[in-house]
Amino acid sequence: MTAFPRQTSEARMEYQSSRHRIPVATGGELHLTRFQPERVNGLPILCWHGAVESGRIFHSRSGKGLAPWLARQGHDVMVIDQRGRGRALPRPARGVSFSQRAVILDEVAAALAACLELSGQSRCHVMAHSWGGVLIAAHLARVPDSRELIASQVYFGTKRRVRVQNPSKWLYIDLIWKGLAPLARGLCGYLPARSLRWGSDDEYAASHADSVAWVRETPWRDAEDGFDYAAALAQGGLPPTLHLAGQRDQALGHPRDVARFVEECGPHRHALHVLGRENGQGRDYAHLDMLTHPDAAEDVYAQALAWCRAYQDDASGEDADVIARQTHPRVKQEGTNDKAPSR
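Participant: When you look at the layout of surface pockets in this model, what are you seeing that I'm missing?
Facilitator: Using a probe with the size of a water molecule, rolled over the atoms, empty space left in the structure can be pinpointed. In this structure, the largest pocket occupies an estimated 1,200 Å³ of space. Lining of the largest pocket is provided by 50 residues; of these, Val52, Glu53, Ser54, Gly199 and Ser200 occupy positions nearest its centre. Within the residue set of the lining of the largest pocket, elements represented by two or more residues are strand S1 (8-12), strand S2 (15-23), strand S3 (29-37), strand S5 (77-81), helix H4 (167-188) and helix H5 (205-215). For the lining of the largest pocket, the leading source of residues is H4, giving five residues. Here the lining of the largest pocket is composed, by residue class, of 16 nonpolar, 19 polar and 15 charged. Its residues placed into classes, the lining of the second largest pocket shows seven nonpolar, six polar and three charged.

What follows is the structure in structure tokens.
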């Protein structure tokens, strides 16, 4: 792997953080923020953000968030900024654009390779927020060899299609994401989500157009070559995956849409848990605060880590069933998918 220039490092409590730039063969770069513990206890964890956001969803400037917390538990954590997000270049602009297919084929592969080379391990865990989980799952559909590199996954609020009907969905999905956002994209040549306060980062024009197509009630196929992602996963393929949904998430990752995505990913060992008071959490979580709220460390992070550790090394994951039930009795755990709930 190419050496990483412009690397910085600073000590923070029980871990050190460093920054790395990962060249992508098709142009541009990824940015990787590493949280390296003093004493490693387990496989490394690769974190992937969602649409109109960056890796900052996993860590704050003051050292809070999921990534620093995982490092304090002994895991080597690598947080990715996709091309054009956070510190990764090139920035979205008119005439500067990459599609979702470029992320799926090129960026995920480059990030996995960097994570394993930096850590010196042969496998890792993956944690993805929102649309990031769709991109990771799509990569595993197209590149089956990558499945052997991932011991387990945790998806936070990940859905593809949005089928629920409520005022939040009509505002954020129908009016903004599928209506006003394409207009802004056409005017600017990219989606200026940050200045419009629709997200924490901007989006390439092609990537946004692809995501709009997938959010609609359409088959899960690639816009460029027609590859059928659902068919590729129909016989299994995802590593053991914990799917988390916020009880208070009404549009961006509604529990029913998350459950439908579980179905779309084909048969795989999984648990689906709705984060809310009814299931033992201290509050009803929404789409972002499942990662950013101060109480998430106890309510959410601990569950994610327990899932990964149940699939550590060559473990079969049988303990994951016990861990899930002991932590939250209403967690669903099964070897293959059940039917998605009705609308």
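Anyway, onward from the coordinates.
Participant: Looking at this model, I keep getting lost on the packing of aromatic side chains. Mind explaining?
Facilitator: The description of two aromatic rings rests on the distance between their centres and on the angle between their planes. Per the counting criterion, the structure on display carries eleven aromatic pairs. Ring centres of tryptophan 214 and tyrosine 229 lie 5.3 Å apart, and the angle between their planes is 75°; this geometry places the pair in the edge-to-face category. Placement of tryptophan 214 in helix H5 and of tyrosine 229 in helix H6 (residues 229-233) is noted, with a sequence separation of 15 residues between them. Here the two residues tryptophan 214 and tyrosine 229 agree in accessibility, since each one is buried. One aromatic cluster is present, built from ring pairs that chain together Trp131, Tyr155, Trp214, Trp220, Phe227, Tyr229 and Phe261. The ring of phenylalanine 227 carries arginine 142 above its face, with NZ or CZ at 4.4 Å from the centroid.

Participant: Just checking my understanding: could you explain the pairing of strand S7 (residues 150-156) for this structure?
Facilitator: The buried fraction of S7 is high, at seven of seven residues. Taken together, the six bridges between strand S6 (residues 124-129) and S7 define a ladder with parallel strand orientation. By the bridge assignment, methionine 127 is partnered in S7 with valine 154. Traced from S6 through helix H3 (residues 131-142) to S7, the parallel crossover comes out right-handed. Inspection of the sheet shows S7 paired to strand S10 (residues 241-246) by four bridges, in the parallel sense. Residue pairing for S10: valine 154 is matched across the bridge by leucine 242.

Participant: Sorry, what's going on with the pattern of salt bridges here?
Facilitator: Note on pairing: side chains with opposite charge can pair once their charged atoms come close. Here the structure, examined in full by the defined rule, presents 21 salt bridges. The salt bridge involving glutamate 107 is made with arginine 83; its shortest N-O contact spans 2.7 Å. Remark: arginine 83 occurs in the loop between S5 and helix H2 (100-119) and glutamate 107 occurs in helix H2; sequence separation between them is 24 residues. On the basis of relative accessible area, glutamate 107 is assigned to the buried category, the value being 1%. The exposure class of arginine 83 is buried, given its relative accessible area of 1%.

Thresholds, definitions, all that
- Residues numbered from 1 in each chain as written.
- Predicted model: local features only at pLDDT ≥ 70, side-chain atom pairs only at ≥ 80, totals over all residues.
- Heavy atoms only, no water.
- 1 Å grid on protein atoms, 1.4 Å probe; cavity = no way out; pocket = protein on both sides within 12 Å on 5 of 7 lines; lining within 4 Å.
- Points joined across faces, edges and corners; volume = space filled by probe spheres on them.
- Helix = DSSP H or I, 4+ residues; strand = E, 2+ residues; numbered from the N terminus.
- Nonpolar A, V, L, I, M, F, W, Y, C, P; charged D, E, K, R; others polar.
- Phe/Tyr/Trp six-rings, centres within 6.5 Å; stacked < 30°, edge-to-face > 60°.
- Buried < 20%, exposed > 50% of the residue type's maximum accessible area, 1.4 Å probe, protein only.
- Lys NZ or Arg CZ within 6 Å of the ring centre and 35° of its normal.
- Pairing = 2+ DSSP bridges.
- Right-handed = clockwise from strand over helix to strand, strands pointing away.
- Salt bridge = Lys/Arg side-chain N within 4 Å of Asp/Glu carboxyl O.

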